[in-house]
Amino acid sequence: MHMPGFSHIGPESLLYSYKRSFHGFAVELTEQEAQTMAGMDGVVSVFPNEKKELHTTRSWDFLGFPKQVETTTIGSNVIIGVLDSGIWPESDSFNDKGFGPPPSKWKGTCKGLTNFTCNNKIIGARYYRSDGEYEKADIKSPRDSDGHGTHVSSTAAGNIVSMASVQGLGLGTARGGFPSARIAVYKICWLFGCTDADILAAFDDAIADGVDIISISLGGSTNNYFTDSIAIGAFHAMRNGILTSSSAGNRGPDLATLSNFAPWYLSVAASTIDRKFFTEVQLGLASIIHWTRNLVKGKIVLCDGENDGVGQLLAGAVGTVMQGRRPNSGVFAFPLPASYLSLEDGNNIYSYINSTRSPTATILKSNERRDKFAPNIATFSSRGPNPTSHNILKPDLAAPGVDILAAWSPISPISEISDIITMTKFGVLLAAVPMSAEKNPGAEFAYGAGNLNPLNASNPGLIYDIDPLDYIKYLCGQGFSTKLLQAITGDKSRCPKGSDGAVFDLNYPSFALSTPPLEFYKSCFQSDSDQCWTTNMYI
């Protein structure tokens, strides 16, 4: 690699060179060097190698997509590339019984790995760590020590596995949305997080390897398409006919909290299904007190606000009850018996403790019941509007992402205490049919076009396909020059003459319309300004 003006930078400073599917590199630079490089011809963007965070059975039946639906032989030729924390290949969800050899289009690899073997279900596996530094708990291979990547992979394409549960909860048949599909694994997330350099390297390989779909359930925070590694990678995937599906984010319920919002990939909100896990508290039996650290040993502790239960366990408590304002839209695993209650229920217990000489309580075994109000959008799911293009609706749609039972890494603790590892093959995460605006604050900003409808998706009716040129025109309308476009695409793309690339010209399956605040219109009606009336006529 030759960089004029940077002759002092040696090969040891180069972390990655992206050249299989797009052009770029990750390199160690000073702040001044980065600014100088950003001003050079042919450079689209220079941005720091920041960390992104991971976003967190019954779900497919709830969507109206039962396991009896026949899959065609075409399905076994579909390859889903999962960019995440790796995979646990020995899980029953990834058994390759009944699978033939990988499709001939596959150009990926699974060679030179320690203690990891692919099969005809998991047909490829790679791992990335730009600085070569690993924590003690990290496994230097595509093997998953976190659980998140295994969960995401099995949710997307896991085999049909009967009698699946987490310690008896959610007992039933677990399966992915596309059990006949193949999986290609790209491990980019480690104990400390997922870096932009590794994300781009994985996109570069996945596109060239021949995947059909890319799944990535993580995100950060940036409002610029081309300083965001996921948006950059997904753009080049789109130009190669590959769909990228991403999670909307985990920063809800506030508005404008989206992590992933570029128009050339799917941004998916997390919705509930008609199964809800709960843990009831019964007053009586074991001693219960309000939190006082030196008095909690052997007792159930009532705490103000939600926490991970670690403090109570280390102080000797036998259980904990938490009270708070956060609406409970998902299940969490704790290292000791625990329940999270509303402020009203928590206050009732607090009153009981203060009015009883020897207050006692029992935390009952967790159970499940039907949620008749589903589907709703989870409180943690990020909301729109789109921070970069207000008139492009994001998220695009919603899909089950709360209390989803799927395969898990058996060496990953299901609670926050790493020394307490409960061996389990399955785990539960917090991971379009029109939905109700009355039940979902934020309405379309929460759920986009609505809940995924997998049966109708295969026969949607009239389709106007979108292609890369549509996005090129859109970027022109966003102020990108022909010179910058050519640097992005690596070809001779140009802004078409006579087209300003207005956002409403983008061939998008939904639309949004941003309007000025009400105060603007009030002032317009009191004014004779042509601009005011033009704006109002347009609206």
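The structure displayed is predicted, hence computed values, not measured ones.

Cut-offs used in this document
Positions within a chain are numbered from 1, following the residues in the order the chain's sequence is written. For a predicted model such as this one, the threshold for reporting local features is a pLDDT of at least 70, and the threshold for listing and counting side-chain atom pairs is 80 or more; totals across whole chains, interfaces and linings nevertheless cover every residue. To get the side-chain values, take all heavy atoms of the structure and skip hydrogens and water. Think of a 1 Å grid over just the protein atoms. A cavity is a set of points where a 1.4 Å probe fits yet cannot get out, a pocket is an open set with protein on both sides within 12 Å along at least five of seven lines, and lining residues have an atom within 4 Å of a point. Grid points are joined across faces, edges and corners, and a volume is the space filled by probe spheres set on the points. In this classification, the charged set is Asp, Glu, Lys and Arg, the nonpolar set is Ala, Val, Leu, Ile, Met, Phe, Trp, Tyr, Cys and Pro, and all remaining amino acids, among them Gly, are polar. For two strands to be treated as a pair, DSSP must find at least two bridges joining them. Think of it this way: any DSSP run of H or I at least four residues long counts as a helix, any run of E at least two long counts as a strand, and we number them from the N terminus. Among buried residues, those of type Ala, Val, Leu, Ile, Met, Phe, Trp, Tyr and Cys that are joined through side-chain atoms within 4.5 Å constitute a nonpolar core. Buried means the residue's accessible area, taken with a 1.4 Å probe over protein chains only, is under 20% of the maximum for its type, while exposed means over 50%, and partly exposed covers the values in between. All domain edges in this entry derive from an automatic or database-based domain assignment. Contacts: residue pairs with any heavy atoms within 4.5 Å of one another. UniProt positions are given in the numbering used here, feature names are shortened, and annotations may be inferred rather than shown by experiment. Any pair of N or O atoms that falls within 3.5 Å is considered a polar contact. Within protein, one atom must be able to donate a hydrogen and the other to accept it, and sequence-neighbouring residues count only if both atoms are side-chain atoms.

Draft legend 1. Region of the structure containing empty space enclosed by the protein. Considered as a void within the structure, the second largest cavity measures approximately 30 Å³ in volume. Lining the second largest cavity are Thr222, Asn224, Tyr225, Asp228, Ala231, Ser259, Asn260, Phe261 and Tyr265. The residue makeup of the lining of the second largest cavity, split by class, is four nonpolar, four polar and one charged.

Draft legend 2. Up close: the pairing of strand 3 (residues 51-54). Bridge count for strand 3 against strand 10 (residues 193-195) is two bridges, and the pairing is antiparallel. Within the sheet, the bridge partner assigned to Lys52 lies in strand 10 and is Cys194.

Draft legend 3. Here's a closer look at the environment of Asn115. Looking at where Asn115 falls in the secondary structure, it is placed in the loop between strand 4 (79-84) and strand 5 (122-127). Separated by 24 residues in sequence, Asn115 and Ile139 place their C-alpha atoms 9.9 Å apart.

Draft legend 4. Molecular detail of the nonpolar core. In this structure, Tyr186, Ile188, Val211, Phe226, Trp264 and Leu475 are the most contacted members of the largest nonpolar core, which totals 54 residues. Secondary-structure elements contributing two or more residues to this core are strand 1 (14-18), strand 4, strand 8 (182-187), helix 4 (196-209), strand 11 (213-216), helix 5 (229-239), helix 10 (468-477) and helix 11 (482-489). The element that contributes the greatest number of residues to this core is helix 4, accounting for eight residues. Built from parts of two domains, this core gets at least three residues from each of domain 1 (59-274 + 374-453) and domain 3 (468-537). With sequence-adjacent residues up to four places away left out, Tyr186 is seen in contact with Gly81, Val82, Leu83, Asp84, Trp106, Arg126, Tyr128, Ala202, Asp205, Ala206, Asp209 and Val211. Counting residues in each nonpolar core, the second largest holds 17 residues, with Val82, Phe94, Val152 and Ala407 among its members.

Draft legend 5. Highlighting unusual backbone geometry. Residue Pro253 is reached from Gly252 by a cis peptide bond, and omega for that bond is 5°. Among the secondary structure elements, Pro253 is positioned in the loop between strand 13 (243-247) and strand 14 (266-271). Here the amide bond leading from Gly384 into Pro385 is cis, since omega sits at 10°, within 30 degrees of zero. By the element assignment, Pro385 lies in the loop between strand 21 (367-370) and strand 22 (397-400).

Draft legend 6. Structural detail: the UniProt feature "active site" (unreviewed entry) in the protein chain. Feature annotation in UniProt places "active site" (unreviewed entry) on Asp84, His148 and Ser409, given in this structure's numbering. These annotated residues cover 326 residues of sequence, and their C-alpha atoms lie no more than 13.0 Å from one another, placing them together at a single site. Inspection of the secondary structure assignment puts Asp84 in strand 4. Judged by its relative accessible area of 0%, Asp84 falls in the buried class. Setting aside anything within four residues of it in sequence, one finds Asp84 in contact with Leu54, His148, Gly149, Val152, Tyr186, Lys187, Ile188, Cys189 and Ser217. The exposure class assigned to Ser409 is buried, which follows from its relative accessible area of 0%. A polar atom in the side chain of Ser409 sits 2.6 Å from the backbone oxygen of Asp144.

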